[in-house]
Amino acid sequence: MDNSPLFKAGHTACAGCGQAIAARLVIETAGPNTIIVNNTGCLEVFSTRYPESAWNVPWIHSLFENAAAVASGVEAALIYLGKKENTNVIAQAGDGGTADIGLQALSGMLERGHDILYVCYDNEAYMNTGVQRSGLTPFNTNTSTSPIGAKSTGNIRPKKPMPEIALAHGIPYVAVASAGFIPDLQRKVKKALSIKGPKYIQIHVPCPLGWRHETDMTLEVARLAVETGLYPLIEYENGTLVSRRQIAPKPVEEYLKVQGRFKHLLNNPAEIKQIQEIADNNIRKYNLKVENQASS
Amino acid sequence: MKEFLEGSRAIAEAVRLCKPGVISAYPITPQTHIVEELAQMVANGELRSQFVNVESEHSAASVVLGGVAAGVRSFTATSSQGLLYMAEVIFNIAGLRLPLVLACANRAVSAPINIWNDQQDSVSLRDAGWIQLYAENNQEVVDFHIMGYRISEDKSMMLPVMVCLDGFILTHGMESVDIPEQEKVDKFLPPYNPLYKLDTAEPLTMGLLADPDYYMETRYALQETLKDALKLIPKVSQEFRGVFGRDYKDCLIEEYYIKDAQKVIVAMGSVCGTIKEVVDELRAKGKKVGLLKIISYRPFPYARVCEALKDVPQVAVLDKAVSLGAYAPLAVEIKAAFFGKKKSPKVISSFVAGLGGRDITPESVREIFRKLNQREINLEFIDLKPELLQEEYGQ
């Protein structure tokens, strides 16, 4: 993998960037017979600043909200050329580009049945523009447009249920992965690309700058999100839940306390309780708890 | 072969002859017949193409962007709000240097909502880096699509072309149109052979971030290329004449009885047909009047306009669009063309007509010729209904 990287070193991502880690894993798993269509966002900016590019696969960036539509055109062209069978098309975007401004184009792509893998790198806010709140920002997060104050404990809404929205389109594959669980992420990308039709993978990618955690904590923070039940790693094939990562749930404080964006909650048990409820709901909903806790 | 066809059908025939492998569109009146005809051709197996039904014009433009980027000739069509909704992608396609042909069935812009013809939609996107050709009749519409791909895909150009045709007047109008033979179109328009494309055999990054050290040169290159288009369009037009026999001269402007004219109207699109009729009528009465038709609005053929109008004492510019709060868009170009020139019309008057589908009748054109005298008129609306203005504002 290091001998022929498809996503080369030398890009300008911040130290500890979870998105850079995940993006590299995705393309290295997909391999060289892949065309990538990228929305505007951190990944696009830090990997393709003229005259340099980190990508060693065909790659195009058009606009903030249209990767799914541009990818649809690329796929249509490949079908016309008779090249689709041996070419992967990946559309990728951040959480804002997916759940907010790009949702319509994504919905169209999923509904039309294109043979495309859509990857959402979820760092839970508009990081490229300075940590503004997105539809995938968690409840009570302190961002620059959901700031804490005398009358605010941060973002007032929970995350938009993007995996469920994708699933509701009746597509053959939907999965949630994490930069903290690398073999699982690779397996899901591989699996997705083996299935014909629209696929959606959402990857939790910590952002040290926006989440305000230490840059050497990226993978640990990502793992804590999963281990507290706040970011369930689930996988659906043809609408059926086929896998979930089981956990011995840790209290949500363990995840919150290592990040500046949640620091304001640490002496506010009532607010933490609400976040714990979100985790508990996930744990119940997806049956995440390991059967025998003593053995874990 | 000459056929009596609706304009939309004629466009679809022209597009079929150009063999786009990707077509994407979102329905909007009065563009719909064009894409319905194409969808039927694909359904019948008469056109091998991927027809992608999208959820918006923004995505229609994005799909064809992706199609061309992957190396396949593509087509889309839209109107009015649809074109404005595409606007972001329209700029992007030109910036990415992707060749494309888009049919714009010209229609007024909301509010108030109005599905009828004027040219506000495409005129509003004049700064996007596209070549814009305005057709007078459906033969031109057909021919400009075929020429459009040739111009667009020329290795020196690699820029998109918008063929602008007046909504309803042309899209829904029945005319006798010569639909060229496939062999001739194949001869004139070779298969798309892109300079660059998304290809796993030769990985390429498209759409990079250009910081202040690099951005400006990309815009300069667009500007220079569009200047070159003023040379390429006439060249392609003459090649077109060689293959198909129809002569659009330089295909930038058309001069109609200008040589000895005392009064000339400058206009774009189907209204030029009406103006020609009035010119014929007034010429028969001994009046020295003429028409200058602008075909290429972008790039704007300043030198050709100056050459054509320099000895005409009085010029009226008829705009079917406005630039609210400023002079009318086409009038601005004509005035700019002559600023500082030794030989110039003494009067360049500006009229706005036909907004939101109000008919521009022969009488409207006669009125413009009557009003064109030694007193320069700036931005007068023709055929306004004063009684409506009084009702609305209680004047």
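Note: the structure precedes this text.
What counts as what
Counting from 1, residues in each chain are numbered in the order their sequence is written. Chains and ligands are labelled sequentially in the order written, the chains with letters from A and the ligands with numbers from 1. Whole-chain, interface and lining totals are the exception, using all residues; otherwise, since this is a predicted model, local features are given only for residues with pLDDT of at least 70 and side-chain atom pairs are given and counted only at 80 or more. Helix and strand assignments follow DSSP, with helices taken as H or I runs no shorter than four residues and strands as E runs no shorter than two, numbered in order from the N terminus. The globule rule is 2.2 Å times the number of residues to the power 0.38, and the radius of gyration it is compared with is taken over C-alpha atoms. Any residue with 12 or fewer other C-beta atoms within 10 Å of its own C-beta is exposed, any with 20 or more is buried, and the rest are partly exposed; the C-beta atoms used are placed from the backbone. We call two residues in contact when their backbone-placed C-beta atoms lie within 7 Å. The pairing criterion for strands is at least two bridges between them, as found by DSSP. Helix axes are fitted to C-alpha atoms over the stretch in contact, other axes to C-alpha atoms as well, and angles between N-to-C directions run from 0 to 180 degrees. Every angle not falling under 35 degrees, over 145, or within 65 to 115 is termed oblique; those three ranges are roughly parallel, roughly antiparallel and roughly perpendicular. Take the far helix as your reference; a near helix turned counterclockwise from it by less than a right angle gives a left-handed crossing, and one turned clockwise gives a right-handed crossing. In this description, a nonpolar core means buried residues of the types Ala, Val, Leu, Ile, Met, Phe, Trp, Tyr and Cys, linked to one another by C-beta atoms lying within 7 Å. Each domain's extent is set by a domain assignment, obtained either automatically or from a database.

### Examining the overall build of chain A
Reasoning step 1: For chain A, the helix and strand inventory stands at 11 helices and 10 strands.
Reasoning step 2: Here the C-alpha atoms of chain A give a radius of gyration of 19 Å, agreeing with the 19 Å that 2.2 N^0.38 yields for 296 residues.
Reasoning step 3: Here the C-alpha coordinates of chain A stretch approximately 60 × 45 × 40 Å along the principal axes.
Reasoning step 4: Burial analysis of chain A (296 residues in total) assigns 55% to the buried set.
Reasoning step 5: Long-range contacts, defined as pairs at least 24 residues apart, comprise 68% of the intrachain contacts of chain A with a sequence gap of at least 6.

### Quick word on the sheet that holds strand β14 (residues 314-319) of chain B
Residues and elements named next belong to chain B.
Reasoning step 1: Pairing is mixed in the open sheet, where six strands are placed in the order β10-β12-β11-β14-β15-β16. Every other strand in the sheet has two partners, leaving β10 (253-256) and β16 (380-381) as the edge strands with one partner each.
Reasoning step 2: With four bridges joining them, β10 and strand β12 (residues 289-294) adopt antiparallel strand pairing. Considered in β12, the bridge of Y256 is made with L291.
Reasoning step 3: Sheet strands in contact with helix α9 (residues 271-284) are β10, β11 (263-267), β12 and β14, and its direction is about 165° off that of β12.
Reasoning step 4: Strand contacts of helix α10 (residues 302-309): β10, β11, β12 and β14, with the helix running at about 5° to β10, the strand carrying the most contacts.

### Things to note about the sheet that holds strand β6 (residues 131-134) of chain B
All names here are of chain B.
Reasoning step 1: Within the open sheet, the seven strands sit side by side as β3-β2-β4-β5-β7-β6-β13. Their pairing is mixed. Each edge of the sheet is formed by a strand with only one pairing partner; in this case those strands are β3 (50-53) and β13 (296-298). Direction aside, the axes of adjacent strands within the sheet are offset by 20° on average.
Reasoning step 2: Two strands pair when backbone bridges link them, and β6 and strand β7 (residues 161-166) are joined in this way by four bridges, in the parallel orientation. The residue of β7 that forms the bridge with L133 is V163.

### Notes on the pairing of β14(B)
Residues and elements named next belong to chain B.
Reasoning step 1: Within β14, six of the six residues are buried, leaving the element largely enclosed by the surrounding structure.
Reasoning step 2: Of the two faces of β14, the one holding Q314, A316 and L318 and the one holding V315, V317 and D319 are both buried throughout.
Reasoning step 3: For β11 and β14, the ladder comprises four bridges, and the chain directions are parallel. Considered in β14, the bridge of I265 is made with A316.

### Remarks on the packing of helix α1 (residues 7-18) of chain B against helix α6 (residues 138-153) of chain B
Residues and elements named next belong to chain B.
Reasoning step 1: Running from N to C, α1 and α6 point in directions that differ by 25°, and their axes come no closer than 9 Å. When the axes of α1 and α6 are compared, the pair comes out roughly parallel. In this structure, α1 meets α6 at a crossing whose hand is right-handed. Residues G7, A10, I11, A14, V15, L17 and C18 of α1 lie in contact with α6, whose contacting residues are N138, V141, V142, H145, I146 and Y149.

### Brief notes about the nonpolar core
Most often, soluble globular proteins have nonpolar side chains that are buried together.
Reasoning step 1: The biggest cluster of nonpolar side chains holds 213 residues, and the ones touching the most others in it are A:V74, B:V163, B:V266 and B:V317.
Reasoning step 2: No other element matches the 10 residues that helix α3 (residues 67-81) of chain A contributes to this core.
Reasoning step 3: In terms of domain composition, this core takes at least three residues from each of domain 1 (2-244) and domain 2 (253-393) of chain B.
Reasoning step 4: The contact partners of B:V163, leaving out residues within four places of it in the chain, are B:V101, B:A103, B:L133, B:A135, B:V141, B:F144, B:H145 and B:G148.

Keep in mind these numbers describe shape, not what the thing actually does.
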